[in-house]
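A structural walkthrough
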Amino acid sequence: MSKDLHPTMDPTTMGVGRSIAVLTSGGDAQGMNAAVRATVRVGLYTGAKVYFVHEGYQGLVDGGDNIRLATWESVSMMLQLGGTVIGSARCKDFRTREGRMKAACNLVKLGITNLCVIGGDGSLTGANQFRSDWSALLRDLIQAGKITEAEAKKSSHLNIVGMVGSIDNDFCGTDMTIGTDSALHRIIEVVDAITTTAQSHQRTFILEVMGRHCGYLALVTALACGADWVFIPEMPPDEGWENHLCRRLTDQRARGSRLNVIIVAEGAISRDGKPITSDIIKKLVTDRLGFDTRATVLGHVQRGGTPSAFDRILGSRMGVEAVMALLEATPETPACVVSLSGNQAVRLPLMECVQVTKDVTAAMAEGRFEDAIKLRGKSFENNWNTYKLLAHINPPDAKSNINVAILNVGAPCAGMNAAVRSAVRMGIIQGHSMFAVHDGFDGLAHGQIEPITWTSVSGWTGKGGSMLGTKRTLPGKFLEEISQTIAKYSIHALVIIGGFEAFVGGLELVQAREKYEEMCIPMVVIPATVSNNVPGSDFSIGADTALNTITSTCDRIKQSAAGTKRRVFIVETMGGYCGYLATMAGLAAGADAAYVYEEKFNIKDLQVNVDHLVEKMKGSVKRGLILRNENCNANYTTDFIFNLYSEEGKGIFDCRKNVLGHMQQGGTPTPFDRNFGTKMGAKTVMWLTEKLKECYRHGRIFANTPDSACVLGMRKRALTFQPLTELKADTDFEHRIPKTEWWLKIRPIMKILAKYDIQLDTSEHADMEHVIKKRSPLGK
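So, how was this worked out
- Residues numbered from 1 in each chain as written.
- Predicted model: local features only at pLDDT ≥ 70, side-chain atom pairs only at ≥ 80, totals over all residues.
- Heavy atoms only, no water.
- Helix = DSSP H or I, 4+ residues; strand = E, 2+ residues; numbered from the N terminus.
- Rg over C-alpha atoms; globule rule 2.2 N^0.38 Å.
- Buried < 20%, exposed > 50% of the residue type's maximum accessible area, 1.4 Å probe, protein only.
- Contact = heavy atoms within 4.5 Å.
- Areas by Shrake-Rupley, 256 points an atom, 1.4 Å probe, with all protein chains shown as cover.
- Lys, Arg positive; Asp, Glu negative; His and termini not counted.
- Charge placed at Lys NZ, Arg CZ, Asp CG, Glu CD.
- Arc of directions from axis to C-beta.
- Axes fitted to C-alpha atoms, helices over the stretch in contact; angles between N-to-C directions.
- Parallel < 35°, antiparallel > 145°, perpendicular 65-115°, else oblique.
- Nonpolar A, V, L, I, M, F, W, Y, C, P; charged D, E, K, R; others polar.
- Salt bridge = Lys/Arg side-chain N within 4 Å of Asp/Glu carboxyl O.
- Pairing = 2+ DSSP bridges.
- Phe/Tyr/Trp six-rings, centres within 6.5 Å; stacked < 30°, edge-to-face > 60°.
- Lys NZ or Arg CZ within 6 Å of the ring centre and 35° of its normal.
- pLDDT = per-residue confidence, 0-100.
- Left-handed = near helix turned anticlockwise from the far one by under 90°.
- Core = buried A, V, L, I, M, F, W, Y, C linked by side-chain atoms within 4.5 Å.

What follows is about the overall build of the protein. Helices and strands together make up the secondary structure of the protein, namely 24 helices and 29 strands. Whereas a compact globule of 780 residues would reach a radius of gyration of roughly 28 Å, the protein reaches 27 Å, a difference of no more than 12%. Looking at the protein as a whole, 62% of its 780 residues are labelled buried. Residue pairs at least 24 apart in sequence account for 79% of intrachain contacts in the protein once pairs closer than 6 positions are excluded. In the structure as shown, the protein presents an accessible area of about 29500 Å², 51% of it carried by carbon and sulfur atoms. Between the centroid of the 88 positive side chains of the protein and the centroid of its 82 negative side chains there is a distance of 3 Å.

For the rest of this paragraph, the subject is helix α21 (residues 638-648). For an α-helix, the turn length of 3.6 residues means that residues three or four places apart are oriented alike. The set of residues buried in α21 consists of Thr-638, Ile-641, Phe-642, Leu-644 and Tyr-645. End-on, the buried residues of α21 take up no more than an arc of 165 degrees, which puts them together on one face. Along its buried surface, α21 packs onto β19 (567-573), β20 (593-595), α20 (603-616), β21 (623-629) and β22 (654-659).

Here we take up the packing of helix α3 (residues 97-110) against helix α4 (residues 121-143). Close contact between α3 and α4 brings their axes to 9 Å; oriented N to C, the two are set at 80 degrees. Here α3 is positioned roughly perpendicular relative to α4, judged by the angle of their axes. Seen from α3, the contacting residues are Arg-97, Arg-100, Met-101, Ala-103, Ala-104, Cys-105, Leu-107 and Val-108; seen from α4, they are Gln-129, Phe-130, Asp-133, Trp-134, Ala-136, Leu-137, Leu-138, Asp-140 and Leu-141. In terms of residue class, the contact of α3 with α4 is made up of twelve nonpolar, one polar and four charged.

The next point concerns the pattern of salt bridges. A complete count under the given rule lists 34 salt bridges for this structure. Note that Asp-654 is salt-bridged to Arg-567, the shortest N-O span being 3.1 Å. On the criterion of sequence distance, the pair formed by Asp-654 in strand β22 and Arg-567 in strand β19 is long-range, its members being 87 residues apart. Residue classification places Arg-567 among the buried positions, given a relative accessible area of 14%.

In this section: unusual backbone geometry. Its identity is not glycine, yet Glu-55 carries a phi of approximately 60 degrees, on the positive side. Its place among the elements puts Glu-55 in the loop between β3 (49-53) and α2 (56-62). One non-glycine residue with positive phi stands out, namely Asn-532, at about 55 degrees. In this fold, Asn-532 is placed in the loop between β18 (523-527) and α18 (543-564).

In space, the four strands of this open sheet follow the order β20-β21-β19-β22, with parallel pairing throughout. Strands at the two margins of the open sheet, each flanked by one partner only, are β20 and β22. Each neighbouring strand pair of the sheet contributes to a mean axis angle of 20 degrees, computed without reference to strand direction. In the sheet, β20 pairs with β21 via three bridges, with the strands oriented parallel.

For the rest of this paragraph, the subject is the sheet that holds strand β10 (residues 293-297). Judged by pairing direction, the sheet is parallel, and its four strands sit side by side in the order β8-β9-β7-β10 without closing on themselves. In the strand order of this sheet, the two ends are held by β8 (229-231) and β10, each with one partner. Each neighbouring strand pair of the sheet contributes to a mean axis angle of 15 degrees, computed without reference to strand direction. Bridging between strand β7 (residues 204-209) and β10 involves five bridges; their strand directions are parallel. Residue Glu-208 lies in a different strand from β10, and its bridge partner there is Val-297. Docked against the sheet, helix α7 (residues 216-225) engages β7, β8 and β9 (260-265), running at close to 165 degrees with respect to β9.

Another point: the packing of aromatic side chains. Taken as a whole and assessed by the stated rule, the structure comprises 22 aromatic pairs. Seen in terms of ring centroids, Tyr-57 and Phe-94 are 4.1 Å apart; in terms of plane orientation they differ by 15 degrees. Their pairing is stacked. Placement of Tyr-57 in helix α2 and of Phe-94 in the loop between β4 (67-69) and α3 is noted, with a sequence separation of 37 residues between them. For Tyr-57, a relative accessible area of 5% gives the class buried. The class for Phe-94 is buried, based on a relative accessible area of 4%. Through a chain of ring-to-ring contacts, the aromatic side chains of Phe-310, Phe-539, Tyr-580, Phe-672, Phe-676, Trp-742 and Trp-743 assemble into a single cluster. If you follow Arg-253 out to its NZ or CZ, it ends over the ring of Phe-291, 4.3 Å from the centre. Its end group placed over the ring of Tyr-597, Lys-600 keeps NZ or CZ at 3.5 Å from the ring centre.

Glancing now at the environment of Trp-384. With respect to the secondary-structure elements, Trp-384 resides in helix α13 (residues 378-391). When the C-alpha positions of Trp-384 and Gly-126 are compared, they lie 31 Å apart, and in sequence the two are 258 residues distant. When residues no more than four places from it in sequence are discounted, the contact partners of Trp-384 are Leu-219, Val-230, Ile-232, Met-235 and Ile-373.

With that out of the way, let us pick up the confidence of the model for the protein. For the protein, the mean per-residue pLDDT works out to 91, and 96% of the residues sit at or above 70. Ignoring residues within four places in sequence, the model shows residues 1-7, a span with pLDDT below 50, making 13 contacts including any to other chains. Scored below 50 in pLDDT, residues 772-780 makes 14 contacts in the model with residues more than four places away or belonging to other chains.

Let us look at the pairing of β19. With seven of seven residues buried, β19 lies mostly within the body of the structure. Neither face of β19 is left uncovered, since the one carrying Arg-567, Phe-569, Val-571 and Thr-573 and the one carrying Val-568, Ile-570 and Glu-572 both have all their residues buried. As paired elements, β19 and β22 share six bridges and run parallel to each other. Note on β22: the bridge partner recorded for Glu-572 is Val-659.

In this section: the environment of Glu-321. Counting through the fold element by element, Glu-321 comes out in helix α10 (residues 309-328). A relative accessible area of 14% places Glu-321 in the buried class. Along the backbone, Glu-321 and Val-338 are 17 residues apart, and their C-alpha atoms lie at a distance of 6.9 Å.

In the contact formed by α7 and α13, the axes pass within 10 Å of each other and the chain directions differ by 45 degrees. In this view, α7 runs oblique relative to α13, as classed from their interaxial angle. The chirality of how α7 crosses α13 is left-handed. The residues of α13 that touch α7, namely those facing Tyr-216, Leu-219, Val-220, Ala-222 and Leu-223, are Phe-380, Asn-383, Trp-384, Thr-386 and Tyr-387. Here the contact of α7 with α13 is built from residues that sort into eight nonpolar, two polar and no charged.

Okay, the nonpolar core next. Counting residues in each nonpolar core, the largest one holds 150 residues, and the members touching the most others are Ile-263 and Tyr-580. For this core, the element with the highest residue contribution is α10, accounting for twelve residues. Setting aside anything within four residues of it in sequence, one finds Ile-263 in contact with Leu-207, Val-209, Ala-218, Thr-221, Ala-222, Cys-225, Ala-227, Trp-229, Val-230 and Phe-231. Ranked by size, the runner-up nonpolar core spans 39 residues in total, among them Val-53, Trp-134, Ile-160 and Leu-350.

Residue placement: Ile-737 occurs in strand β28 (residues 737-738). On a C-alpha basis, the gap between Ile-737 and Leu-249 in space is 46 Å, while along the polypeptide they are 488 residues apart. Apart from residues no more than four positions distant in its own chain, Ile-737 is found in contact with Phe-500, Asn-533, Tyr-577, Cys-578, Tyr-597, Glu-598, Asp-730, Thr-731 and Asp-732.

On to helix α19 (residues 580-589). In terms of burial, α19 is a largely internal element, ten of the ten residues being buried. Turning to α19, its buried residues are Tyr-580, Leu-581, Ala-582, Thr-583, Met-584, Ala-585, Gly-586, Leu-587, Ala-588 and Ala-589. Taken from the residues just after α19, Gly-590 is the one with a positive phi, measuring 75 degrees.

Okay, here's the thing in structure tokens:
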């Protein structure tokens, strides 16, 4: 981030006298509507005119009714819709110079000099070509008498900003493209459904997912469901893979597994470039092994349905950043694409990203598959390495004589079991003996421990809650008993998966090292809680699943409000004192307000919100949604706010309230939580294995340095281990939250999108970064 050259610039006047057009192009992707909505509303907030371009580039070429002014209300109720409301079309005309001339003429006539394109790399390359040709196109239009010199002067320069909408996640430079997370939701729903029927009949299922040139969907699906094999275009299997695959499936059956799952990307190839299809694999398994085998090709189901909470938030954040990038651009600024890196919105030069994306294709065509994986970016490479470790190695014969214990602490949440499974399997791969502790620190104190094996965790990835059992009890009062259990079972390392209690419990064990030598072992806390309130991590396992539950509930509530008109819903969310769920669900569901503990509010603020809704009911959108975090204020309770709104809204709107309660902790984990849990569990055990080597002295383990007890957390762009003791300074123990919370910066976006008259801080913005440095693996 850097300071803007105009820190005093008023964001509400940045766009005055300027016009922005927004279009969606290429294949549709869930979340595109969220991006369109944010672009329109933030554009209007800055004082700019905003135009819809219907039917993608075809609409830009055809002009007329296809390019229409957008209003605040025209993007209402778009957020939860899949596909793209403004339409998309493949356009041959735009590829010709004549077609681009028509498009330029249409934009000049309307005074539009800022274009926001949401699409894949082909669509964005087309936008860059258009921008490069702009001056020449204007000259030709003047000569042809289509536009005047004055019109050309007024529109002398075209600014382009791209957002990548593609379910394949095939664009280099961004961790996630709009639509990918939703496509994974569709795929995982199908995998879960297929798994139940496959287990009933001891079947082998082959699932073909989209991804002609990119194996991201296939790879993450394989990680998220613990598949036996995955075929992706970036890394074809070695020669003789047929024997290896059959051996793997037979081994799994011998271990007692009742089903096999094989995931194949539609663009999967062998080392000699021949396609590997689901039919080829089915014939192989049936002929060689005689297994009852079924193949399912998912097709366009993956593109359909409601966007996930992640895609709505991603689209909304990118839309805001895109408008700012357009309005801050100069003629010298290269066309940029708004990307996601960790939880950061970044701007990257469009053509650098396109170039690296092309480099991947070239690497694959030339058989440089290791390079192709690296060029896809860190996130893809990490997924591939984790998958290889968990799926492609048989447990070693040699044992390490290390015992690792795993426990769940705090409230249960979706994704805990995925973390346990990958930690157990990674430990077994390292030669360790793995132990399951039941019922948290309570169980650790009372010896509720048993060995846990490779097969005992199969199928755990997709299970919600906590299979180990979990309690909120802290270890402080059981230190004597816990030290005895550690000694009795010769436990050499601890994996503690849970929420704020896991963090505090870990700290208590570290502090007890002075008195109990048994506590001098390496330990890692993996954040897992719907509240997302563990210091040291931007995300916790389980929060994404809870967020999707709240969002889909709010969708239904809004739908009922749309039917009855003039109705306001007050919805209470979980989260303790942490306002993450209320804020993010507010952004994903299009709420009018979200009350949280971190942002103090008083009766005047409540009055402003009521007045805002009264004003809103005069327009065409006659419904309201208010979210309240459960502990946001001791006096302004959900009942109080409900009564206040009911009283003030008499004759204008009526109110309903919903307390969502424990449904937010339940359900099957989302793809994000399965994948995140899997990576966290695997990374933890790898780190512990290295730490144990460091701490091995005179035939025993002794670890008492601060860096031997850590939280593994996602920080901005990377998974990092941070000493528990160092995180104390950034912790508000009374309210069980970190003192710094990154998502608070997103709150103004929600308010702007709900039409509040507030200031957006433009002093901090995403700088243009470079992606070409990632090409170093090729030695270029």
